[in-house]
Structures are given as C-alpha cells and as structure tokens.
Amino acid sequence: MILEGKTALITGASRGIGAALAVGLAKHGANTVITDLDRQSDELAKVAAQVGETEQKCLALPLDVTNKSVVESVVGEATDAFGQIDILVNNAGILLPKPLEELDEKTWDAHFDVNAKGVLLCTNAVLPQMRQRKSGRIINIASIAGRQGVPTQGHYAATKATAITLTRVYSQEVGMDGITVNAICPGIILTEMGKNNLGSQENIDHWTNVAALKRLGDPDDIVGPAVFFASDLSNFVTGQALNVCGGIYFH
Ligand code: NAP
C-alpha cells in the first residue's frame, strides 16, 4: 500500500493502459479520479466498479483534455472530493496512422491537441496546489515512438517527442517545489490502440520476434513503472523518460 492516502487523477482511463493504471494505482492504495471523454462514460463506469473492488475510493468524471475550462473544473471537482490531487497521469492519447505526405491539417491538429496540449492543460491545472503543498507527481504516458518515429506515425511521434520534452522542461521548472515529472514510453501494448496500429498477425509476429522478451506488452506491464514514479521509491528521479517495451528499443 505504498500509495496509501494519495489521490491520483488519470486521463483516458476508460480502457487500455489508463484503465490498468486506475486499477493498479488503487491496488497500491491510491484513491483515483478516473476520467475520459463523455462518450466513454459507460466504459468508465465499468472501470470504476473494478477500482471499487480494491476498497479505495473512486470518482469517475467526463473530461476532454483539450478543453481548458473543462480540465480546470474537473480538477476543482476532484480536489473538492478528495482534498487534493497528489498524482496526475497524463495518459489520454490518439493515434490515427497516416503517411506524412497524406496527412491533413485536421488530423495533425487533433494529435497535437490531445497528445501534447492535453499534457500542458492538465499539468498546469494541478500544479498550483502541488506547488503550495511542496509535493506532487506528474507522469506522462509518452511512447517509444517519441524516441524514433516510424512510417505512418510521423505526426504521432512528433506529439510524443513533445511530451518527452515537456517532461524534461517541467521537471526543471517545478522541481524546486518538490514535484517530480517523469515519462513512461510504452512499446507495443495490446490495447485497442496497439492492436489497430499493428493491424495484421504478420506485424504482431514480427514485433514479437524483435522484442528481447519475445512478447508484446499488456496494459498491466505499465503499472509497476507508474507506481515507481508515483511513489516515494522515486524521490530523487525527475525529468526522465523510461522505455517500457520488452526490449524493442534501447535508447
Ligand atoms: P486507447 O486504448 O486508445 O485509450 C485511449 C483513451 O483516451 C480512449 O478511451 C480515448 O477515448 C481517450 N481519449 C481520446 N481523446 C481524448 C481526449 N481528448 N480527452 C480525454 N480522453 C481522450 O489507448 P492506449 O493504448 O491505452 O494508450 C494510452 C496511452 O498510451 C496513449 O497516450 C498512447 O499514445 C500511449 N501509448 C500506447 C501504446 C500502445 O501500444 N497501446 C504505445 C505507446 C504509447 P476515445 O476512444 O473515445 O477517443
């Protein structure tokens, strides 16, 4: 129960990595505020029920991370409910693969709105209370794509490189107030996004074979690193980006 007495707010938590993190952080003692787009409210309620089995408190709220006023009001509501937010997990993300030459502006903007601006808006909304308390944990779910882009993911990779850069700069801007900011760079995780991205069994077999551990990731594989960054175990770690990819990328 290393996170006992802490409250974590997680974005994009109705399925995949976000849902696994909600349940995983709760299993380690955290109360959770789980959020996702309004259209995912039924799925979010199912995650809330799963979290409920851990006996930690859970509040489910609709949140579009691209909308500044909604972000601020959700952070306010969550803070009223739990007293404070100790941990923010910026997990919401989108990936619509397309070669750069075929990419329309709308798709480019949508990726930067969710994957980059969303990190900025949610982080800025929780920082004032964290600065006041001289304590806080920000965890950005980036991607190994942010280290090295691959064809059809240039725009996505650019947003994830931005998330890693924001992690490094925020860490230096807020570290004096006892706040750490770290990123997790998942490899290929078999969520809806991961499966859509892989597309074919051939691709699954290829990347499984490339991985040092000879398997692709499960959302639960992200929980341990997130608990590390969320807890006192990582008190002297900030501004870092940790690859959690089963050994498919090494830099
Ligand atoms: P996922 O299954 O697609 O879940 C992402 C969730 O975010 C969905 O519920 C989605 O809702 C929500 N979302 C989209 N736009 C949003 C917005 N504007 N505000 C709030 N929520 C929004 O994805 P995942 O695989 O769990 O990925 C989670 C994070 O890990 C993402 O940041 C992703 O880039 C990163 N990641 C994933 C992988 C992988 O292989 N799966 C690898 C590296 C990094 P809708 O479906 O309704 O849009």
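Let me sum up the structure you'll find in this document. Because the structure is a prediction, the values reported are computed rather than measured.

## Some words on the overall build of the chain
Here's step 1: Scanning the chain for helices and strands turns up 8 helices and 7 strands.
Here's step 2: Relative to the globule expectation of 18 Å for 251 residues, the C-alpha radius of gyration of the chain, 17 Å, shows essentially globular dimensions.
Here's step 3: Viewed in the frame of its principal axes, the chain has a C-alpha envelope of about 50 × 40 × 35 Å.
Here's step 4: Among the 251 residues that make up the chain, the fraction classed as buried is 50%.
Here's step 5: Summarising the internal contacts of the chain: among those between residues at least 6 apart in sequence, 75% fall at separations of at least 24.
Here's step 6: Looking at the chain as shown, the accessible area adds up to about 11800 Å², and 52% of this sits on carbon and sulfur atoms.

## Section: the sheet that holds strand E3 (residues 58-62)
Here's step 1: Taking strand neighbours across the sheet as the criterion, the 7 strands line up as E3-E2-E1-E4-E5-E6-E7 in an open arrangement whose pairing is parallel. What marks the edges here is a single partner per strand, and that holds for E3 and strand E7 (241-244). Recorded for the sheet is a direction-independent mean angle of 20 degrees between the axes of neighbouring strands.
Here's step 2: Lying over the sheet, helix H3 (residues 68-82) contacts strand E1 (7-10), strand E2 (31-36) and E3, oriented at roughly 165 degrees with respect to E3.
Here's step 3: Running over the sheet, helix H4 (residues 105-133) touches strand E4 (87-90), strand E5 (136-141) and strand E6 (179-186) and is turned about 175 degrees from E4.

## As for the site of the ligand
Here's step 1: Near the ligand you find 31 residues, and of these Asp36, Arg39, Gln40, Tyr156 and Thr191 are the closest.
Here's step 2: At 2.6 Å from an oxygen atom of the ligand is found a side-chain nitrogen or oxygen belonging to arginine 39.
Here's step 3: Note that a nitrogen atom of the ligand is positioned 3.0 Å from one of the backbone N or O atoms of valine 65.
Here's step 4: Protein coverage of the free-state accessible area of the ligand, which is 890 Å², stands at 93%.
Here's step 5: Using a 2 Å cut-off from the grid points, one finds that the ligand occupies the largest pocket.
Here's step 6: For the shell around the ligand, the leading source of residues is helix H6 (residues 192-198), giving 3 residues.

## Some thoughts on the side chain of arginine 137
Here's step 1: Its location among the elements puts arginine 137 in strand E5.
Here's step 2: Aspartate 232 provides the closest opposite charge to the buried, unpaired arginine 137, separated from it by 4.1 Å.
Here's step 3: Looking at arginine 137, its side chain comes within polar contact range of the side chain of asparagine 235, at 2.8 Å.
Here's step 4: Once residues within four sequence positions are removed from consideration, arginine 137 is found in contact with Asp86, Ile87, Leu88, Met130, Thr180, Phe229, Ala230, Ser231, Asp232, Ser234 and Asn235.

## Things to note about empty space enclosed by the protein
Empty space among the atoms can be located by rolling a probe the size of a water molecule over them.
Here's step 1: Tallying each qualifying case throughout the model produces 1 cavity of 30 Å³ or more.
Here's step 2: Considered as a void within the structure, the largest cavity measures approximately 70 Å³ in volume.
Here's step 3: Lining the largest cavity we find Thr11, Val65, Asn90, Asn91, Ala92, Val114, Asn115, Gly118, Val119, Cys122, Ile141 and Lys160.
Here's step 4: Here the lining of the largest cavity takes 5 residues from H4, the largest share from any one element.
Here's step 5: Residues of the lining of the largest cavity, tallied by class, amount to 6 nonpolar, 5 polar and 1 charged.

## Overview of the packing of aromatic side chains
Here's step 1: Scanning the entire structure with this criterion turns up 2 aromatic pairs.
Here's step 2: An angle of 35 degrees between the planes, with centres 4.7 Å apart, marks the rings of tryptophan 108 and phenylalanine 112 as tilted. With tryptophan 108 and phenylalanine 112 both in helix H4 and 4 residues apart, the pair spans about one turn of that helix.
Here's step 3: Looking at tryptophan 108, the relative accessible area reads 35%, which means it is partly exposed.
Here's step 4: Ring plane angle 50 degrees and centroid distance 5.4 Å describe the contact between phenylalanine 228 and phenylalanine 229, whose orientation is recorded as tilted.
Here's step 5: Of the residues examined, phenylalanine 229 reaches a relative accessible area of 2% and is grouped as buried.

## Regarding the layout of surface pockets
Here's step 1: The volume enclosed by the largest pocket comes to roughly 1400 Å³.
Here's step 2: Lining the largest pocket are 50 residues, and of these Ile94, Leu95, Tyr156, Met193 and Gly194 sit closest to its centre.
Here's step 3: Contributions of two or more residues to the lining of the largest pocket are made by helix H1 (16-27), H4, helix H5 (154-174), H6 and helix H7 (201-210).
Here's step 4: For the lining of the largest pocket, the element with the highest residue contribution is H6, accounting for 6 residues.

What counts, and where the lines are drawn
Residues numbered from 1 in each chain as written. Predicted model: local features only at pLDDT ≥ 70, side-chain atom pairs only at ≥ 80, totals over all residues. Heavy atoms only, no water. Helix = DSSP H or I, 4+ residues; strand = E, 2+ residues; numbered from the N terminus. Rg over C-alpha atoms; globule rule 2.2 N^0.38 Å. Buried < 20%, exposed > 50% of the residue type's maximum accessible area, 1.4 Å probe, protein only. Contact = heavy atoms within 4.5 Å. Areas by Shrake-Rupley, 256 points an atom, 1.4 Å probe, with all protein chains shown as cover. Pairing = 2+ DSSP bridges. Axes fitted to C-alpha atoms, helices over the stretch in contact; angles between N-to-C directions. Near = heavy atom within 4 Å. Polar contact = N/O pair within 3.5 Å; in protein donor to acceptor, adjacent residues only side chain to side chain. 1 Å grid on protein atoms, 1.4 Å probe; cavity = no way out; pocket = protein on both sides within 12 Å on 5 of 7 lines; lining within 4 Å. Sits in = over half its atoms within 2 Å of the grid points. Lys, Arg positive; Asp, Glu negative; His and termini not counted. Salt bridge = Lys/Arg side-chain N within 4 Å of Asp/Glu carboxyl O. Points joined across faces, edges and corners; volume = space filled by probe spheres on them. Nonpolar A, V, L, I, M, F, W, Y, C, P; charged D, E, K, R; others polar. Phe/Tyr/Trp six-rings, centres within 6.5 Å; stacked < 30°, edge-to-face > 60°.

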